[in-house]
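Chain residues, written in single-letter form:
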Amino acid sequence: MTRWSLVTVVADGEPFVAARMGDGSLREVPALKQWASLVELLDGWPAATDALRAIDVDVAEPLAGVRLLAPLRYPRKVICAGVNYRRHVAEMGIEASLEDWKPFFFLKPPTTTVVGPFDDVPVDGPDAALDWEAELAVVMGVGGRDVPPERALAHVAGYCVSNDITARGYHRRAGAPAPAFDYDWFASKARDGSLPLGPGLTPAWLVQDPQDLRIRLWVNDKLQQDASTADMIRDIPALVAAASQTVTLEPGDVITTGTPAGVGAGRGVSLQPGDVVRTEIEHLGVLINRIVADRPAHAQYTGNPRHSPLEAT
């Protein structure tokens, strides 16, 4: 069980940083009030770690009547690793040498895709064919460019649970002008509300081994994914190093690390309005997100589509 994690909650319209205990209860920690947001905290991560390590969350006052938001509102960048689990390669019918596997990435817009751990997720159009992808999310605390793999974990602030919801129906383009444009990563990966994240940011020193975590996902209580992060083709240091060769990493960046086997695409199954998706990584917590019909045309997107009553605080 996770001892505690950093969360963002809102009360009376004002978000603030709090602590979430392993049992899901929330605590108000006076020492956390020095930071207006988790992004601000991460901006000063090396200095903040001393204050965080000194916190005694067990004596903090319980919080009630607040809503749990995504821990980061919002990441500076969301960098997503593509296929990165051995068994997932097999289920997708990919034939490639894993010995020479090089990480590849795509981006999600941070302010419109990231939603909270209990928020609803809209089906964006009748042909979306939404699929689930449980993923371990790595949150950067120290930025850098060309980070060596052997120093990469020193740049990591902590870890979250994420679900990279993908609109498979929009991934292949009809009438592409050339084969190079057959795949539309933007249309399939950048939909509003497509990255539930949370429930909190668990500091890296509270996670004994991020490469040995059980990761599971259920749809309507039916287990779909059940794997270990040990099945990653390239580990977290390799992914951080590879991403930093293309972009300068910044505090508050999120790197999702790929999904294990068990996605719906391999079986022709997709999410439908009314489905409830539960995503869990041991020691980090649980996301519970309900799939809903596309939001009304007049509704303005706020980054948290249709807050779900599934949340319990």
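About the thresholds
Residues numbered from 1 in each chain as written. Predicted model: local features only at pLDDT ≥ 70, side-chain atom pairs only at ≥ 80, totals over all residues. Heavy atoms only, no water. Disulfide = S-S within 2.5 Å. Buried < 20%, exposed > 50% of the residue type's maximum accessible area, 1.4 Å probe, protein only. pLDDT = per-residue confidence, 0-100. Contact = heavy atoms within 4.5 Å. Helix = DSSP H or I, 4+ residues; strand = E, 2+ residues; numbered from the N terminus. Phe/Tyr/Trp six-rings, centres within 6.5 Å; stacked < 30°, edge-to-face > 60°. Lys NZ or Arg CZ within 6 Å of the ring centre and 35° of its normal. Pairing = 2+ DSSP bridges.

Structural notes on the state of the cysteines
Okay, so step 1: All chains considered together, the criterion is met by zero disulfides.
Okay, so step 2: No disulfide involves Cys-160; its sulfur sits 13 Å from that of Cys-80, the nearest cysteine.
Okay, so step 3: Cys-160 sits in the buried class, given a relative accessible area of 0%.

Let's talk about the confidence of the model for the chain
Okay, so step 1: Per-residue confidence for the chain gives a mean pLDDT of 91, with 92% of residues at or over 70.
Okay, so step 2: Across residues 296-306, where pLDDT falls below 50, the model places 28 contacts with residues more than four positions away in sequence or in other chains.

What about unusual backbone geometry?
Okay, so step 1: Following Arg-73, the chain continues to Tyr-74 via a peptide bond in cis, the omega torsion being 5 degrees.
Okay, so step 2: Tracing the chain through its elements places Tyr-74 in the loop between β5 (67-69) and β6 (78-81).
Okay, so step 3: Cis geometry is found at the peptide bond from Gly-198 to Pro-199, where omega equals -10 degrees.
Okay, so step 4: Position of Pro-199 among the secondary structure elements: in strand β14 (residues 195-203).
Okay, so step 5: Positive phi, normally seen in glycine, also occurs at Asp-12, with a value near 55 degrees.
Okay, so step 6: Tracing the backbone shows Asp-12 in the loop between β1 (4-11) and β2 (14-21).
Okay, so step 7: A relative accessible area of 83% means that Asp-12 is categorised as exposed.
Okay, so step 8: With phi around 55 degrees, Asp-146 is a residue other than glycine that occupies positive phi space.
Okay, so step 9: Its place among the elements puts Asp-146 in the loop between β11 (134-140) and β12 (156-163).

Some words on the packing of aromatic side chains
Okay, so step 1: Under the criterion given, the structure shown has four aromatic pairs.
Okay, so step 2: Taken together, a centroid distance of 6.5 Å and an interplanar angle of 75 degrees make the contact between Phe-104 and Trp-185 edge-to-face. Of this pair, Phe-104 sits in the loop between α3 (86-91) and β7 (105-108) while Trp-185 sits in helix α5 (residues 185-189), placing them 81 residues apart in sequence.
Okay, so step 3: On the basis of relative accessibility, which here comes to 37%, the residue Trp-185 falls in the partly exposed class.
Okay, so step 4: Through successive ring pairs, a cluster of aromatic residues spans Trp-101, Phe-104, Phe-106 and Trp-185.
Okay, so step 5: Stacked on the ring of Phe-16, the Lys or Arg Lys-33 has its end atom at 5.5 Å from the ring centre.
Okay, so step 6: Directly above the aromatic system of Trp-205 lies the positively charged group of Arg-53, at a separation of 4.3 Å from the ring centroid.

Regarding the pairing of β1
Successive side chains on a regular strand alternate, one facing one side of the sheet and the next facing the other.
Okay, so step 1: With respect to burial, β1 is a largely interior element, seven of its eight residues being buried.
Okay, so step 2: Here β1 runs beside β2; their pairing, made up of eight bridges, is antiparallel. Bridged to Ser-5 within β2 is Arg-20.
Okay, so step 3: The antiparallel hairpin formed by β1 and β2 contains two residues in its connecting segment, where Asp-12 sits at a positive phi of about 55 degrees.

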